[in-house]
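An overview of the molecular structure
Here is how the chains run, residue by residue.
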Amino acid sequence: MAFVGRAVQRVALAAWPSLSPLCRTSSRSYSSEPTNEKNVPYEMTLKQESGAASGPTKPLPRSADVVVIGGGSLGCQTIYHLAKMGMTNVVLLERDRLTAGTTWHTAGLLWQLRPSDVEVELLAHTRNVISKDLEEETGLHTGWIQNGGLFIASNKQRLDEYKRLMSLGKVYGIESYVLSPAETKDLYPLMNVDDLYGTLYVPKDGTMDPAGTCTTLTRAASAKGATVIENCPVTGIQVRTDDLGVRKVKAVETAHGTIETQCVVNCAGVWATKLGDMAGVKVPLIAMHHAYVVTERIEGIQNMPNVRDHDASVYLRLQGDALSVGGYEQNPIFWEEVNDKFAFSLFDLDWDVFMQHIEGAINRVPVLEQTGIKSTVCGPESFTADHKPLMGEAPEVRGFFLGCGFNSAGMMLGGGCGRELAHWIIYGRPERDMYGYDIRRFHHSLTDNNRWIRERSHESYAKNYSVVFPFDEPLASRNMRKDPFHQRLFDAVHAKKNILTEQGCVFQERHGWERPGWFNKDGAAPVKEYDFYGAYGKRKNTSYKYSELLAKEYTFDFPPHHNVIKSECLSCRHGVAVFDMSYFGKFYLTGPDAKKAADWLFTADVNKKPGSTVYTCMLNKRGGAEADLTVSRLEPGAANLPLAPESNGDAYYLAIGGGVAEHNWNHIQTVLQDQGFRCQLTDLSEDMGMISVQGPKSRDVLQEVLDTDLSNEAFPFSTHKVVTAAGHQVRAMRLSFVGELGWELHIPKNSCIPVYQAVMAAGAKHDIINSGYRAIDSLSIEKGYRHWHADLRPDDTPLEAGLAFTCKLKSSIPFQGRDRLEKQKEEGLRRRIVCFTVNETVPMFGLEAIFRNGVPVGHLRRSDFGFYINKTLGYGYIRNPDGGVVSAEFIKSGEFTLERMGVTYKAEAHLKSPFDPENKRVRGIYD
């Protein structure tokens, strides 16, 4: 079949029956001579060996330390890295032959640059394993081809994104170049460059071979003592419940025997959900058809780099003297009935769906219009709600790990993720910050919600090639979790109102919650039902104000609502603002061992007198920060839920950022189980709202609402008490996340609206305003407060993060990770966080490269504009290029610059926040 032009695309096929795209699997071609050939373009596959044996290729052992299920890229990489780390009593079970599920037909592309520092590191490890390590260990070639990669920019915003990637790449030593259209034409003569702004060329990108990679990985693993067994389907997972009621993996069942084990790794790809069901584990992924076509020979294409034309949503992979052409469409076909027997199999290509990629491919490489198609490749792939993999220990069952849902990037991410997963299994946590892939990033109420899984996975698939902008928000599956201030009310005349939406709140989505982002002066911008971007016969939303506001913010310049955020920030700095922070996690820790648990869990000494509130971290065993939170010690007494639990002894109230509440919950539960503490952790997040009233005038406002003295003497900073507000009991805490005088009010759900209304009424004469999280982001970075998973992550210690004050190292109280901190303190810090300011008015968003005396030493983790100091601020971790200690003198003596999209700006380094470094304002001292 020939590649068809635009005219042929418009040919009507009225004779074909109308089929729903959600279930259509029949082939439809626009050519009079369609190809019937369905085959992958690789010289070698393991398909020929499929079904050759009637039973397992090796005897099953009676027991194993780890059983990896699934012989695709992730399964093979995981068992290889487990064996390489010294765990040799490990088994891989594959139901057919290696690669038989989805790996065998993958395109096998590897691009080194992504808009994530962690992913850049993961990809670098994959590349090292495939291109170097395996060949050195086995003497075998994996099939790696280094032909380079070329990213196409058809507009300024896309080229700006590529320049951001180039700057980040300099920190990691990744060679890349921004090319002009003319330079691109010289590199790739067959390319049409008439509509280009430019390209990003990465010479050491390349292509992997699925069969060659996986067979080499398993040979290397077997040589180290691992056991790889093919033709052995898993039929069940045995789970036991221990004396504390904790469910744990017990064994893996097959038709050929049972393997006793305490650890299972689900690397079953598209079939991972079914495997999870065997153990009662939710695996939130969905299967879709994903396709590419392989062309006939193209003269002059040899040795060309692989191409990603993101704006056309198409890629061109070099295949010897031909190309493989594929992409991501807005109407992918869902595989509704996942077939367990689908091994080394392909679907018929649906040309109605795939045709949209043809025009983009022909536009980019015009010779394709006259080139034949040799074969089609349409197979299943698994996709997730945020287009990120599912990894880590499942919350439901201890010892059940996930390594699945790789969104067609299992080969590319396999090496890095396989190593992290192995480290996770052996040491309890990965080496890197894998929170973005951790299954615990999703709230448990979402992971078995079919609507959420389907809608979000579709949107993530459809937007896979979209520019990654700083302030983007999903449109799919919104309004899943609403706090009390979001609910609809009836006023005296029964007119429906929405407290925040009516005031123009533009919401963000986090953890399923709708939280206030900023307040639009032009009125309400409600989020509508998801329209699947008009696919599947859905009517596309029109006059969609929320979507239009998002689109205006698709920029790497200051967003158009910059001055709105400025107004919210400065109102807080000079007057008073109310922040709805109800999405926060709100947990109670009680029980006979609550004090022991608190001592072990928290870095700070939280066992002060009841009424105290302490900012603290929780660490992993390596000393990395798993969380930062506030812990309030409570008075013992009868239950007064939701404001107080029943307690005859020690009890604590934990307030945790809502976007990471599930992660925190599971971290605490895991520690309690591992240590055998007799404690109860109770989640009352849905039962309370929370508003934070902040600013110099906050005391004046709240003194009219609360029935307690708010003076410094009567209500000091970092204390809390139950008080009455507008006739309702609330827990008031004197805290601030923005660096101002202020209080948080933790309010029972049914009391939220009257308390809020009382606060707003009392604040009217002080010009009180509502403010959102965009303002919090700016205010908090201006003050130097950390955001977990931005400038504080599991791979950062509190000492590196400038949070040594949260650690009770001067006491003798043991806590998890203490030994690592003591060692680090003794040896000195090899990396540490630094604040940078730029005098030029230029936006930065994180990932900008940091140079000291012209040498790259790190990158910004987080950046924003500080409106009070009127400067851009950024925080990043820097290293000494010589590997030595990063001392205060090292920082003071250096000349620093920040590189943003290839342009360098002079920066000033600060050891303390340039805003209120003496912390006067939180203490109510305004000079």
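Note that this is a predicted model, so its numbers are computed, not measured.

Attention now goes to the overall build of the protein chain. Across its full length, the protein chain holds 19 helices and 40 strands. A compact globule built from 927 residues would reach a C-alpha radius of gyration of about 30 Å, and the protein chain, at 28 Å, matches this within 12%. Summarising its shape, the C-alpha atoms of the protein chain cover approximately 85 × 65 × 65 Å along the three principal directions. Put simply, the protein chain has 927 residues, and 62% of those count as buried. Counted over contacts in the protein chain with a minimum sequence separation of 6, partners at least 24 positions apart contribute 74%. Total accessible area computed for the protein chain in this model is approximately 34500 Å², and 48% of it derives from carbon and sulfur atoms. Averaged over its 104 positive side-chain charges, the protein chain has a centre that lies 3 Å from the centre of its 111 negative ones.

Moving on: the packing of helix H3 (residues 117–138) against helix H6 (residues 210–223). A pair of packed helices can be characterised by two numbers: the angle between their axes and the separation between those axes. Where H3 meets H6, the closest approach of the two axes is 10 Å, and the angle between their N-to-C directions is 45 degrees. Comparing their axes, H6 and H3 come out oblique. Judged by the sense of rotation from one axis to the other, the crossing of H3 with H6 is left-handed. Mapping the contact onto sequence places Val 129, Ile 130, Leu 134, Glu 137 and Thr 138 in H3 and Thr 213, Thr 216, Leu 217 and Ala 220 in H6. For the contact of H3 with H6, a count of residues per class yields five nonpolar, three polar and one charged.

A word on helix H9 (residues 410–427). Along H9, the sharpest kink reaches roughly 40 degrees, centred on Gly 416. Within H9, 16 of the 18 residues are buried, which leaves the element mostly enclosed by the surrounding structure.

According to UniProt, the feature "domain: FAD dependent oxidoreductase" (unreviewed entry) maps to residues 65–424 in the numbering used here. The span residues 65–424 carries 30% helix and 28% strand; its end-to-end C-alpha distance comes to 14 Å.

Turning next to the pairing of strand E31 (residues 720–725). Remember that side chains alternate between the two faces of the sheet whenever the strand is regular. Strand direction decides the pairing type here: E31 and strand E32 (residues 728–733), joined by six bridges, are antiparallel. Paired with His 720 across the two strands is Met 733, which belongs to E32.

For the rest of this paragraph, the subject is the environment of Pro 430. Structurally, Pro 430 is set in the loop between H9 and helix H10 (450–462). Relative accessible area serves as the criterion here: at 4%, Pro 430 is assigned to the buried category. When the C-alpha atoms of Pro 430 and Gly 512 are compared, they prove to be 26 Å apart, with 82 residues separating the residues in sequence. Excluding anything up to four places from it in sequence, Pro 430 contacts Glu 420, His 423, Trp 424 and Arg 622.

Take the packing of aromatic side chains next. When we look at a pair of aromatic rings, we describe it by the centre distance and by the angle of the planes. Evaluated as defined, the whole model comprises 32 aromatic pairs. Their ring planes at 75 degrees and their centres at 5.3 Å tell us that Trp 335 and Phe 347 sit as a pair that is edge-to-face. With Trp 335 in the loop between strand E16 (322–327) and helix H8 (351–364) and Phe 347 in the loop between E16 and H8, this residue pair connects regions lying twelve residues apart in the sequence. With relative accessibility at 9%, the residue Phe 347 sits in the buried group. Aromatic side chains Phe 532 and Tyr 536 sit 5.6 Å apart centroid to centroid with 70 degrees between the ring planes, which places their arrangement in the edge-to-face category. Connected via pairs of aromatic rings, a cluster forms that spans Phe 334, Tyr 530, Phe 532, Tyr 533 and Tyr 536.

Time to look at the pairing of strand E18 (residues 390–393). As judged from the four bridges shared by E18 and strand E19 (residues 400–404), these two strands associate in the antiparallel manner. Bridge pairing in E19 places Glu 393 opposite Phe 401. In this antiparallel pair of consecutive strands, E18 and E19, the connection spans six residues, and Gly 399 shows a positive phi of 90 degrees.

Cut-offs used in this document
Residues numbered from 1 in each chain as written. Predicted model: local features only at pLDDT ≥ 70, side-chain atom pairs only at ≥ 80, totals over all residues. Heavy atoms only, no water. Helix = DSSP H or I, 4+ residues; strand = E, 2+ residues; numbered from the N terminus. Rg over C-alpha atoms; globule rule 2.2 N^0.38 Å. Buried < 20%, exposed > 50% of the residue type's maximum accessible area, 1.4 Å probe, protein only. Contact = heavy atoms within 4.5 Å. Areas by Shrake-Rupley, 256 points an atom, 1.4 Å probe, with all protein chains shown as cover. Lys, Arg positive; Asp, Glu negative; His and termini not counted. Charge placed at Lys NZ, Arg CZ, Asp CG, Glu CD. Axes fitted to C-alpha atoms, helices over the stretch in contact; angles between N-to-C directions. Parallel < 35°, antiparallel > 145°, perpendicular 65-115°, else oblique. Left-handed = near helix turned anticlockwise from the far one by under 90°. Nonpolar A, V, L, I, M, F, W, Y, C, P; charged D, E, K, R; others polar. Bend = angle between axes of the 7 residues up to and from the residue. UniProt positions renumbered as here; feature names shortened; annotations may be inferred. Pairing = 2+ DSSP bridges. Phe/Tyr/Trp six-rings, centres within 6.5 Å; stacked < 30°, edge-to-face > 60°.

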